[in-house]
Amino acid sequence: MIDKLFLCCLFLFVLSLLGIILNRKNLIVTLICIEMALLAVNLNFIVHSVDLDDILGQVYALCIIALGAAESALGLAILICLFKVRGDMTLHSAILLKH
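Computed from a predicted model, the values in this text were never measured in an experiment.

Novice: An account of the overall build of the protein is needed here, citing residue identities and associated values.
Specialist: Tallying secondary structure elements over the protein gives 4 helices and 0 strands in all. Moving toward the C terminus, one meets the helices and strands of the protein in the order α-α-α-α. For 99 residues, the compact-globule estimate of 2.2 N^0.38 gives 13 Å, and the C-alpha radius of gyration of the protein, at 16 Å, exceeds that figure by more than 25%. The principal-axis extent of the C-alpha atoms belonging to the protein is close to 50 × 25 × 15 Å. By residue count, 22% of the 99 residues in the protein fall in the buried class. Expressed as a percentage of contacts within the protein between residues at least 6 apart in sequence, the contacts between residues at least 24 apart total 53%.

Shown next as structure tokens:
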């Protein structure tokens, strides 16, 4: 049972990395893939916590969920500002903000 959950975590993490690497246009999809990677890590912490009968993995998962929520809120706020300034939400327009 635990091996299946580890494989599920690995599949979710690899899928999110592929989404980040292959997606070069849409920033919202990139944020969703980052969140999916964080959730895969959280699931891995929780599975290890249950397997080792230790609550520390669940505490780590809770902290990562709070970090992911803050990251999503900040990322979406930046995307809203980017849309107001440039009129689109592509990676190219985000790179142009440096200049």
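Novice: Run through the confidence of the model for the protein, naming residues and quoting values.
Specialist: Residues with a pLDDT of 70 or more make up 97% of the protein, whose mean pLDDT is 88. Across the protein, the element-wise mean pLDDT spans from 71 in helix α4 (residues 91-96) up to 92 in helix α1 (residues 2-22).

Novice: An account of the environment of I34 is requested, with residue identities and associated values reported.
Specialist: Mapped onto the elements, I34 comes out in helix α2 (residues 27-52). I34 gets classed as partly exposed once you look at its relative accessible area, which sits at 30%. Linking I34 and L79, residues 45 residues apart in sequence, is a C-alpha distance of 15 Å. With residues up to four places along the chain from it excluded, the contact list for I34 reads I20 and E71.

Novice: Can you explain a nonpolar patch on the surface? Please cite residues and give values.
Specialist: A contiguous nonpolar patch, built from L7, L10, F13, V14, L17, L18, I21, L22 and V41 and spanning about 810 Å² of accessible area, is present on the exposed surface. Structurally, L10 can be placed in helix α1.

Rules of the game
Residues numbered from 1 in each chain as written. Predicted model: local features only at pLDDT ≥ 70, side-chain atom pairs only at ≥ 80, totals over all residues. Heavy atoms only, no water. Helix = DSSP H or I, 4+ residues; strand = E, 2+ residues; numbered from the N terminus. Rg over C-alpha atoms; globule rule 2.2 N^0.38 Å. Buried < 20%, exposed > 50% of the residue type's maximum accessible area, 1.4 Å probe, protein only. Contact = heavy atoms within 4.5 Å. pLDDT = per-residue confidence, 0-100. Patch = residues over 30% accessible without salt bridge, like charges linked within 9 Å, V, L, I, M, F, W, Y side chains within 5 Å. Areas by Shrake-Rupley, 256 points an atom, 1.4 Å probe, with all protein chains shown as cover. Salt bridge = Lys/Arg side-chain N within 4 Å of Asp/Glu carboxyl O.

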